[in-house]
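Listed here are the chains, written in short residue letters.
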Amino acid sequence: MFGDMMNMMGKLKEAQKKVEETKKRLDTVLIDEDSSDNKLKVTITANREIKTIEIHDELLEDKEQLEDYLVLTINKAIQKASKINEAELAAAAKDGLPNIPGMDIFK
């Protein structure tokens, strides 16, 4: 029984390591999101860190319009990044977890 517990603890540490490695890798996964008319482009990582924002000169003339574009485009980019982030971290955690009956938390 003690051996099983040690084996399980080792697998949990392995899962934690895989999750941490995946988090680091997601810093290198870039998601580009453009406004519908391509006047604004946002690039973020899969860890939801903004890397670049490109703004067409025309948007600089209207502060309110620019703010609207930023909110919409950044939110769309964050949604995409979140889906990728959650899927990758769940897969990494599931791969490393020991098979414990009744603990199917990542179906």
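Residues numbered from 1 in each chain as written. Predicted model: local features only at pLDDT ≥ 70, side-chain atom pairs only at ≥ 80, totals over all residues. Heavy atoms only, no water.

K.L.:
Just checking my understanding: could you explain the nonpolar core for this structure?
P.N.:
Side chains of a nonpolar character, in soluble globular proteins, are inclined to be buried together. Among the nonpolar cores identified, the biggest contains 16 residues, and V19, I31, L40, V42, I44 and L59 are the most heavily contacted of them. Elements with a contribution of two residues or more to this core: helix 1 (2-26), strand 2 (40-45) and helix 2 (63-96). Looking at this core, the element that brings in the most residues is helix 2, giving 8 residues. For L59, the contacting residues outside a window of four places in its chain are K39, L40, Q65, L66 and Y69. (Core = buried A, V, L, I, M, F, W, Y, C linked by side-chain atoms within 4.5 Å. Buried < 20%, exposed > 50% of the residue type's maximum accessible area, 1.4 Å probe, protein only. Helix = DSSP H or I, 4+ residues; strand = E, 2+ residues; numbered from the N terminus. Contact = heavy atoms within 4.5 Å.)

K.L.:
Looking at this structure, I do not really get the pattern of salt bridges. What am I missing?
P.N.:
When the charged atoms of two side chains with opposite charge come close together, those side chains can pair. Evaluation of the coordinates by the stated rule reveals 8 salt bridges. Among the salt bridges present, the one from E20 reaches K23, with a minimum N-O distance of 3.7 Å. Taken together, the residues span about one helical turn, with E20 and K23 both in helix 1 at a distance of 3 residues. On the accessibility criterion, E20 (38% relative accessible area) is partly exposed. For E33, the salt bridge goes to K76, with nearest N and O atoms at 3.5 Å. Within this pair, whereas E33 is found in strand 1 (residues 30-34), its partner K76 is found in helix 2, the two being separated by 43 residues in sequence. Salt bridges here are not isolated pairs; linked through shared partners, they connect E33, K76 and K80. (Salt bridge = Lys/Arg side-chain N within 4 Å of Asp/Glu carboxyl O.)

K.L.:
What is the right way to look at unusual backbone geometry in this model?
P.N.:
Only a minority of non-glycine residues have a phi that is not negative, and only a minority of peptide bonds are not trans. Its identity as a non-glycine residue notwithstanding, N38 has a phi of 60 degrees, on the positive side. Positive phi outside glycine occurs at R48, with the angle close to 65 degrees. By the element assignment, R48 lies in the loop between strand 2 and strand 3 (50-55). The class for R48 is partly exposed, based on a relative accessible area of 38%.

K.L.:
In this structure, what is going on with the pairing of strand 2? I would like to understand it.
P.N.:
Two faces belong to every sheet, and in a regular strand the side chains alternate between them. When you tally the buried positions in strand 2, you get 5 out of 6 residues, the bulk of the element. What sits between strand 1 and strand 2 in their antiparallel hairpin is a turn of 5 residues, with N38 showing a positive phi close to 60 degrees. When strand 2 meets strand 3, the two strands line up antiparallel, connected through 5 bridges. By the bridge assignment for strand 3, I44 is matched with I50. (Pairing = 2+ DSSP bridges.)

K.L.:
Would you mind going over a negative patch on the surface with me for this structure?
P.N.:
Taken together, the side chains of D57, E61, D62, E64 and D68 define an acidic patch exposed on the protein surface. Looking at where E61 falls in the secondary structure, it is placed in the loop between strand 3 and helix 2. Looking at E61, the relative accessible area reads 70%, which means it is exposed. (Patch = residues over 30% accessible without salt bridge, like charges linked within 9 Å, V, L, I, M, F, W, Y side chains within 5 Å. Areas by Shrake-Rupley, 256 points an atom, 1.4 Å probe, with all protein chains shown as cover. Lys, Arg positive; Asp, Glu negative; His and termini not counted. Charge placed at Lys NZ, Arg CZ, Asp CG, Glu CD.)

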